[in-house]
Amino acid sequence: MRAVSHGCVRLEKPLDFAHALFGDSAKYKTIEKCIVEDNPEPTSLSLNNKVPVYITYFTCWSDDSGTLQFRKDIYGLDIVLYAHLQKFLSA
């Protein structure tokens, strides 16, 4: 089941993200080279500074035509959000 993971996330534009983090450095060039290889060697690259990364999780959104799209809440987070919103809705 795809929902059961080990913390992996999909990234739409990994090279753009790597460039934003590393700029035109040697580390970025390593990533650029490895991403096109069939079997790149495992490589550890670290950042000089911590960078906050925010991950969003949507189960409902409006598509380009304005139609609401709903998906199953596989992580059970909608009920948690609803509980937090109830504090504001009942005030």
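Residues numbered from 1 in each chain as written. Predicted model: local features only at pLDDT ≥ 70, side-chain atom pairs only at ≥ 80, totals over all residues. Heavy atoms only, no water.

Q: Hey, could you run me through a nonpolar patch on the surface in this one?
A: Taken together, the side chains of Tyr57, Ile74, Tyr75, Leu77, Ile79, Val80, Leu81, Tyr82, Leu85, Phe88 and Leu89 define a hydrophobic patch exposed on the protein surface, amounting to about 1100 Å² of accessible area. Considering the arrangement of structural elements, one finds tyrosine 75 in the loop between strand E2 (68–70) and helix H3 (78–89). (Patch = residues over 30% accessible without salt bridge, like charges linked within 9 Å, V, L, I, M, F, W, Y side chains within 5 Å. Areas by Shrake-Rupley, 256 points an atom, 1.4 Å probe, with all protein chains shown as cover. Salt bridge = Lys/Arg side-chain N within 4 Å of Asp/Glu carboxyl O. Helix = DSSP H or I, 4+ residues; strand = E, 2+ residues; numbered from the N terminus.)

Q: When you look at the pattern of salt bridges in this model, what are you seeing that I'm missing?
A: Side chains bearing opposite charge may pair, as long as their charged atoms lie close to each other. Here the structure, examined in full by the defined rule, presents two salt bridges. In this structure, glutamate 32 and lysine 29 form a salt bridge, with 3.9 Å as the shortest nitrogen-oxygen distance. In this pair, glutamate 32 and lysine 29 both sit in helix H2 (residues 26–36), three residues apart, roughly one turn of the helix. Judged by its relative accessible area of 42%, lysine 29 falls in the partly exposed class. Put simply, glutamate 37 and lysine 33 hold a salt bridge, and the shortest N to O gap is 3.5 Å. (Buried < 20%, exposed > 50% of the residue type's maximum accessible area, 1.4 Å probe, protein only.)

Q: Quick question: what am I supposed to make of the side chain of glutamine 69 here?
A: Take glutamine 69: it is sitting in strand E2. Here aspartate 63 takes part through its side chain, which lies 3.0 Å from a polar atom of the side chain of glutamine 69. Other than its neighbours up to four places away in sequence, glutamine 69 contacts Thr59, Cys60, Trp61 and Asp63. (Polar contact = N/O pair within 3.5 Å; in protein donor to acceptor, adjacent residues only side chain to side chain. Contact = heavy atoms within 4.5 Å.)

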